Amino acid sequence: MAKRPVLQDFVVERDESRCVACQACVRMCSNDVHSYDPETNKVESDSAKCVGCHFCESFCPTKAINIKRSASQFRENANWQYRDIANLVKQAETGGVLLTGMGCDRPYPVYWDHILLNASQVTNPSIDPLREPMELRTYIGRRPDRIQWTVDSGQWTANKKQSSSIQHPASSIQSLLKLEIPIMFSAMSYGSISYNTCVSLARAAREIGTFWNTGEGGLHPDLYEFGKNTIVQVASGRFGVHKDYLETASAIEIKIGQGAKPGIGGHLPGEKVTGDISRTRMIPEGTDALSPAPHHDIYSIEDLKQLIFALKEATRYSKPVGVKIAAVHNVAPIASGVVRAGADYVAIDGLRGGTGAAPLTIRDNVGIPIELAIAAVDTRLREEGIRNQASLIAAGGFRNSADVIKAIALGADTVYIATSALVALGCNLCQKCYTGKCNWGIATQDPYLTKRLNPEIGTQRLVNLLRAWSLEIKEMLGGMGINAIESLRGNREHLRGVGLSDTELRILGIKAAGESW
Amino acid sequence: MEKLVADKDYRVASGCAVVGIMNQDGKKIDGSAVISSISVMRERSNGLGGGFAAYGIYPEYAGLYAFHVMYKTEQAKGCAENYLNKEYTIEKTEPIPTRKIMGIDSKPMLWRYFLCPRGGNSNEEDYVARTVMHINSGINDAFVFSSGKNMGIFKGVGFPEDIGHFYRLDEYSAYTWIAHGRFPTNSVGWWGGAHPFGLLDWSVVHNGEISSYGINRSYLLNFGYRCALSTDTEVIAYLFDLLSRKHGLSFEVVAKILAAPFWSDIERMPPEEKDFFTSLRIIYGSALLNGPFSVIVGNSGHMVGLNDRIKLRPLVAATSGETLYLASEEAAIRDICPGPDRVWMPRAGEPVIGKLNDRRASSVVSRT
Amino acid sequence: MKRIYIKEEYCMGCRICEIRCLVQHSKTKNIIKAYKGEYPKPEPKMLVEEKGHLSFALQCRHCEDAPCLEACITGAMRRDKRTGAVLCDEEKCVGCWMCIMVCPFGVISRTKEGRKVASKCDLCNGEDEPVCVKNCPNGAIVCRDE
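Residues numbered from 1 in each chain as written. Chains lettered and ligands numbered in written order. Predicted model: local features only at pLDDT ≥ 70, side-chain atom pairs only at ≥ 80, totals over all residues. Heavy atoms only, no water.

Draft legend 1. Focus on the overall build of chain B. Broken down by element type, chain B carries 11 helices and 19 strands. The C-alpha radius of gyration of chain B comes to 19 Å, within 12% of the 21 Å expected for a compact globule of 368 residues. Of all 368 residues assigned to chain B, the portion counted as buried reaches 65%. Put simply, 75% of the contacts in chain B that link residues at least 6 apart link residues at least 24 apart. With an accessible surface of roughly 12300 Å², chain B has 48% of that area assigned to carbon and sulfur atoms. (Helix = DSSP H or I, 4+ residues; strand = E, 2+ residues; numbered from the N terminus. Rg over C-alpha atoms; globule rule 2.2 N^0.38 Å. Buried < 20%, exposed > 50% of the residue type's maximum accessible area, 1.4 Å probe, protein only. Contact = heavy atoms within 4.5 Å. Areas by Shrake-Rupley, 256 points an atom, 1.4 Å probe, with all protein chains shown as cover.)

If you want it as structure tokens, here you go:
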């Protein structure tokens, strides 16, 4: 057949009456969509190159540009949608695995949109967070079932020896992670995101009193000063793992899996492994950083236990060691095993969790939604009487404060956000992170592009986001007549489902809307 | 008993009246005083539940567990008695004496048993608690509503003063009386759903709505407590049992768990104290009772009054000699004790603790 | 006095500062009219320097010891006593370009169309904040007191 022309996902509309040919768009597009013709003094656009990141549209001084989805060129039908045909055509041409970025965008049910929150009326006063204290502080890590205590002459003192009732030698209660709001930044590696993005996350975490996560890319030497707000990852590639890295962090996270690509490891193409990244990851410049699919020293749960305790030994039991897994079908028993193996927290990353690069078919077809995973894991851990032994962190596509508070009511101790944080930094979910051409300076190492993210602005925007969400969470809590987040945690009485099947309600452990207590 | 299932399966929010009287020297008084006191607050109940707990009423069977059980059917009674006979030596079985009262009708069969477990049990109390949970959740139409030694709970559907006369409480004498009048927000009335809730020698009456109910219940599940009812009082009773009996914490500490001080207050404490309260909140965060409540909890040796952490429900305390009074309204205390030595409004989260044969009632010094 | 500082590490080279400067110094101060309808064509009073991925906006530094003031033969170059800014009085300027010769930063240029006079940054006379500062999308140009 004849060679098919390049498919066009977007159309760049330029209002010629407004375009003044200032060429800002020409200078800004990393995909070379726009070009200036001095003969006609006009700017032309090649829509076929457009990825729909809306950078030029956002900054056009005369608002002359409008990026639109291209109207269908194909004769679609219910079975063969545009994306199916377009993807198939790409593969017929390249013979390769389709890559993509960010989280699953398929229309699976978003259970958050089928869960409603409660509020007080008459029998129970709602609380006004502007006038009364409203507490969001959260601690992450293993805690004993009971306190060992003494009261001497009216003095309250906690006995420091708490290990007797605990299955494993635990880090002390003082080493638990203290969060002022129950939201942390999820793992994104230096390499997949730019240095300035890392700086923004770290500074915002420090300012708000929460944590950011290095991902598997190591910790840039400049960022060691943020150790008190840093969780470091140990992933299957072991990139950047060394003594100082482990010691600087407040917690260590063993990454088993990721919601966007359960069952496979991270891939960072050699082009992105530039000077600082190669040093931070401790690999030669220009080599592909390919994390193996499994940890090759963890083929079973007892192996995980060994790694957990190796890391605890290495850090003298001074900090929590958690494990991050993807939400897969068997997530509840797996999480239970992870807790029993000694993890201080389990982070679960759901189907809609993002990524810098993943095979499209895996991102869109593997795993389960985080809502069901939280409910299943929390229920399982409580049934087994080990819920206190580890904290539960939920990740994977939290879009707003309501999603967060619903996750906590389902049983999560805190949530990880990453996509939301990137959107706050400018990301428009164009899903082209893997190309390294991010116009917003987020998922790129190109020096032309990375400077587009000014960490001072970035920090402020992230702080604003977390502050806004925490204010909203306080309002919702107060409405329910609750003034401490721990009283909502796992309190599914405050949730009701709409439009859900009996099975879904059962797994979520919530009643249907309209049912009273 | 027609509505048994309904009340068991649904949580009922209720406004309420509570009264507690304790003579800390152990001197006993009959039930007419507490009936008079609770009747003062008649408008705080709506005739859909009233009840009493009395301590020290069965001195002749002091070593035996006194089970008060309500049955809907003869079959249920047979079933429960079979079960009890297998596991326990029953010293005495009798109907609970009642008198006919206008307004108290559709009463269930009310029986009491004085019994002790057969054979040696490493932990007798846990064993008895399990028996109660087994009957209440496993045998249809049978409900054990009192299971302590030398104490009894008397409750039903009606105004509390009518319930008191119905059970002939003027014929019992006790050193601690706890009473409750109920104002449930739905109309389902079930005798077992009235307060006090009891397990072993714990009795709990409360006025309020626990917004943290869901997590408190799940937290208790972690420690093997299965909530058979859907009531806040049940959860409060189990929390007291867990924290006080199993974890051996003093009532002062239990109060600081159930109505925890705010982080902002903890931040200002001296280092050791700050450490203690931080640990307490980290470990027992899921036991925090959130939402409005005033609660009176009794056991053989104590009577404790406690408000929620921002005092959203009323509770007044008074002392007169060795007698400690707690009530929703001061009028209810003045009705039976016109000239108390001291009357005060306990602050949010500050427990009022009465102890038998011990020093006088005192509230914990405010630390805020 | 208030000075403009550059954070070249965040300059993305979009030249929106130049565009806004041009509009600010046009007759209509309307971007579309300024580009499409005005003659002489308005010009920016600043420029963005670029080499490789390094770029930064460059405006008159309003030097304390300004050589252009010394070199000006007509007294067109003067210092505003109130703001401390170095300004060019276009009425007095005769277009001898001595200022351009001596400027160590190369931030004075000659107008390309219309009258031949020296063109330079006037700190957007009268504005609270120069428009290049106000409109930089990435905070790469800042204005602060010494």
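Draft legend 2. Layout of the sheet that holds strand S12 (residues 212-213) of chain A. Residues and elements named next belong to chain A. The 8 strands are arranged S11-S21-S20-S18-S17-S14-S13-S12 in an open sheet whose pairing can be described as parallel. Either end of the sheet is taken by a strand with one partner, and the two such strands are strand S11 (183-185) and S12. Pairing of strand S14 (residues 251-255) with strand S17 (residues 321-326), which is carried by 4 bridges, proceeds in the parallel orientation. For Ile252, the partnering residue across the bridge sits in S17 and is Val321. Packed onto the sheet, helix H8 (residues 331-340) meets S17 and strand S18 (345-349) and runs at close to 165° relative to S17. Where helix H14 (residues 455-479) meets the sheet, its contacts fall on S11 and strand S21 (414-417), and the angle it forms with S11 comes to roughly 160°. (Pairing = 2+ DSSP bridges. Axes fitted to C-alpha atoms, helices over the stretch in contact; angles between N-to-C directions.)

Draft legend 3. How the structure looks around the packing of aromatic side chains. Residue and element names in this part refer to chain B. Counted under the stated rule, the structure contains 23 aromatic pairs over all chains. Seen from their ring centres, Phe67 and Tyr88 are 6.2 Å apart, and the 55° between their planes marks the pair as tilted. Taken together, the positions of Phe67 in strand S4 (residues 65-71) and Tyr88 in strand S5 (residues 88-95) put the pair 21 residues apart, joining distant regions of the chain. Using a relative accessible area of 0% as the deciding quantity, one classes Phe67 as buried. Among the aromatic side chains, those forming a connected cluster through ring pairs are Tyr58, Tyr61, Phe114, Phe154, Phe166, Tyr167, Tyr172 and Trp191. The lysine or arginine in question, Lys77, covers the ring of Trp111, its NZ or CZ lying 3.9 Å from the ring centre. (Phe/Tyr/Trp six-rings, centres within 6.5 Å; stacked < 30°, edge-to-face > 60°. Lys NZ or Arg CZ within 6 Å of the ring centre and 35° of its normal.)

Draft legend 4. A look at the side chain of Glu38 of chain C. Residue and element names in this part refer to chain C. Among the secondary structure elements, Glu38 is positioned in the loop between helix H2 (31-36) and strand S2 (47-51). No salt bridge forms around the buried Glu38; measuring N to O, its nearest opposite-charge neighbour Lys27 is 4.5 Å away. Side-chain polar atoms of Glu38 contact the backbone nitrogen of Lys27, separated by 2.9 Å. Glu38 has contacts with Ser26, Lys27, Thr28, Lys29 and Lys33, leaving out every residue within four places of it along the chain. (Lys, Arg positive; Asp, Glu negative; His and termini not counted. Salt bridge = Lys/Arg side-chain N within 4 Å of Asp/Glu carboxyl O. Polar contact = N/O pair within 3.5 Å; in protein donor to acceptor, adjacent residues only side chain to side chain.)

Draft legend 5. Spatial organisation of the environment of Asn357 of chain B. All names here are of chain B. One can find Asn357 in the loop between strand S18 (352-355) and strand S19 (362-363). For the pair Asn357 and Gln24, spaced 333 residues apart in the sequence, the C-alpha separation amounts to 5.8 Å. The residues touching Asn357, leaving out its near neighbours within four places in the chain, are Gln24 and Asp25.

Draft legend 6. Spatial organisation of the confidence of the model for chain B. Residue and element names in this part refer to chain B. Per-residue confidence for chain B gives a mean pLDDT of 87, with 91% of residues at or over 70. Predicted confidence is poor over residues 1-9, with pLDDT under 50, and the contacts of this stretch with residues over four places away or in other chains come to 26 contacts. When the criterion is pLDDT under 50, residues 359-368 qualifies, and its contacts beyond four places in sequence or with other chains add up to 25 contacts. (pLDDT = per-residue confidence, 0-100.)

Draft legend 7. Broad picture of the domain arrangement of chain C. Residue and element names in this part refer to chain C. In terms of domains, chain C is made up of domain 1 (1-59 + 125-146) and domain 2 (64-120). With centres defined by C-alpha atoms, the gap from domain 1 to domain 2 works out at 19 Å. Listed by partner, the interface residues are 12 residues for domain 1 and 16 residues for domain 2. Together, the buried faces of domain 1 and domain 2 total about 1000 Å²; carbon and sulfur atoms form 46% of this surface. (Domains from an automatic or database assignment. Buried area = accessible area lost by both parts, 1.4 Å probe.)

Draft legend 8. Examining the interface of chain C and chain A more closely. Every contact between the two is made by 23 residues of chain C and, on the other side, 23 residues of chain A. Approximately 1900 Å² of surface area, both sides summed, lies buried where chain C meets chain A, with 60% of it carried by carbon and sulfur atoms. Broken down residue by residue, the surface that chain C buries against chain A is led by Tyr10, Met12 and His53 of chain C, which jointly contribute 29%. If you look at where chain C meets chain A, you find 1 salt bridge. In this assembly, chain C and chain A are joined by 13 residue pairs in polar contact (both at pLDDT 80 or more). If you list the elements that add at least two residues to the side of chain C that touches chain A, you get helix H1 (16-24), H2 and strand S3 (54-58) of chain C. Counting residues per element, the side of chain C that touches chain A draws most heavily on H2 of chain C, at 4 residues. Residue classes in the side of chain C that touches chain A are distributed as 11 nonpolar, 6 polar and 6 charged. (Nonpolar A, V, L, I, M, F, W, Y, C, P; charged D, E, K, R; others polar.)

Draft legend 9. Spatial organisation of the interface of chain A and chain B. Each partner contributes to the interface: chain A provides 45 residues, whereas chain B provides 49 residues. Buried area between chain A and chain B, summed over both chains or domains, comes out near 4300 Å², and the portion from carbon and sulfur atoms is 55%. Across the contact surface, chain A and chain B share 4 salt bridges. Across the salt bridge formed by Arg281 of chain B and Glu135 of chain A, the nearest N and O atoms sit 2.7 Å from each other. In this assembly, chain A and chain B are joined by 21 residue pairs in polar contact (both at pLDDT 80 or more). Those elements that provide at least two residues to the side of chain A that touches chain B are strand S9 (155-158) and helix H10 (370-383) of chain A. Broken down by element, the residue count for the side of chain A that touches chain B peaks at 4 residues, all from S9 of chain A. Here the residues of the side of chain A that touches chain B are counted per class, giving 17 nonpolar, 15 polar and 13 charged.

Draft legend 10. Examining the arrangement of the chains more closely. Summarising the chain contacts, 2 pairs of chains touch, and the pair with the most contacts is chains A and B. As for chain C relative to chain B, no contact occurs, and the smallest C-alpha gap between them is 37 Å.

Draft legend 11. A look at the state of the cysteines. Residue and element names in this part refer to chain A. The full count for this structure, using the stated rule, is 0 disulfides over all chains. Not engaged in a disulfide, the cysteine Cys56 finds its nearest cysteine sulfur in Cys29; these two sulfurs lie 6.2 Å apart. Looking at the unpaired Cys427, the closest cysteine sulfur is the one in Cys433, lying at 6.4 Å. (Disulfide = S-S within 2.5 Å.)

Draft legend 12. How the structure looks around a nonpolar patch on the surface. All names here are of chain C. There is a patch of nonpolar side chains on the surface, built from Ile73, Val94, Met98, Met101 and Val102 and spanning about 500 Å² of accessible area. Counting through the fold element by element, Ile73 comes out in the loop between helix H3 (67-71) and strand S4 (77-79). Relative accessible area serves as the criterion here: at 61%, Ile73 is assigned to the exposed category. (Patch = residues over 30% accessible without salt bridge, like charges linked within 9 Å, V, L, I, M, F, W, Y side chains within 5 Å.)

Draft legend 13. View of the nonpolar core. Ranked by internal contacts, the top residues of the largest apolar core, which has 129 residues, are Val19, Phe67, Tyr167, Ile257, Leu258 and Tyr284 of chain B. Of all the elements, helix H7 (residues 232-246) of chain B adds the most residues to this core, at 8 residues. Discounting residues that sit within four places of it in the chain, Ile257 of chain B has contacts with Leu243, Leu249, Leu280, Tyr284, Ala287 and Leu288 of chain B. Grouped together as the second largest cluster of nonpolar side chains are 125 residues, Val321, Ala341, Leu422 and Cys427 of chain A included. (Core = buried A, V, L, I, M, F, W, Y, C linked by side-chain atoms within 4.5 Å.)

Draft legend 14. The pattern of salt bridges, seen in detail. Taken as a whole, this structure holds 55 salt bridges over all chains when the rule is applied. Of the charged contacts, one joins Arg142 of chain A and Asp344 of chain A as a salt bridge, the two residues approaching to 3.4 Å between their closest N and O atoms. In this pair, Arg142 of chain A is assigned in the loop between strand S7 (138-140) and strand S8 (149-152) and Asp344 of chain A in the loop between H8 and S18, connecting sequence segments 202 residues apart. Taken individually, Arg142 of chain A and Asp344 of chain A each receive the classification buried, so the pair is uniform in this respect. The salt bridge involving Arg245 of chain B is made with Asp126 of chain B; its shortest N-O contact spans 3.0 Å. Highlighted residues: Arg245 of chain B in helix H7 and Asp126 of chain B in helix H4 (residues 124-138), separated in sequence by 119 residues. You can call Asp126 of chain B buried: its relative accessible area is 18%. Taken together, the salt bridges that share partners define one network made up of Asp378, Arg382, Arg387, Asp413, Arg489 and Arg492 of chain A.

Draft legend 15. Structural view of unusual backbone geometry. The amide bond that connects His195 of chain B to the next residue, Pro196 of chain B, takes the cis arrangement and shows omega of 0°. Within the secondary structure, Pro196 of chain B sits in the loop between strand S10 (176-184) and strand S11 (197-199). With omega at -5°, the peptide bond leading from Tyr39 of chain C into Pro40 of chain C counts as cis. The phi dihedral of Arg168 of chain B falls on the positive side, at around 60°, and the residue is not glycine. Mapped onto the elements of the fold, Arg168 of chain B is located in the loop between helix H5 (160-166) and strand S9 (173-174).

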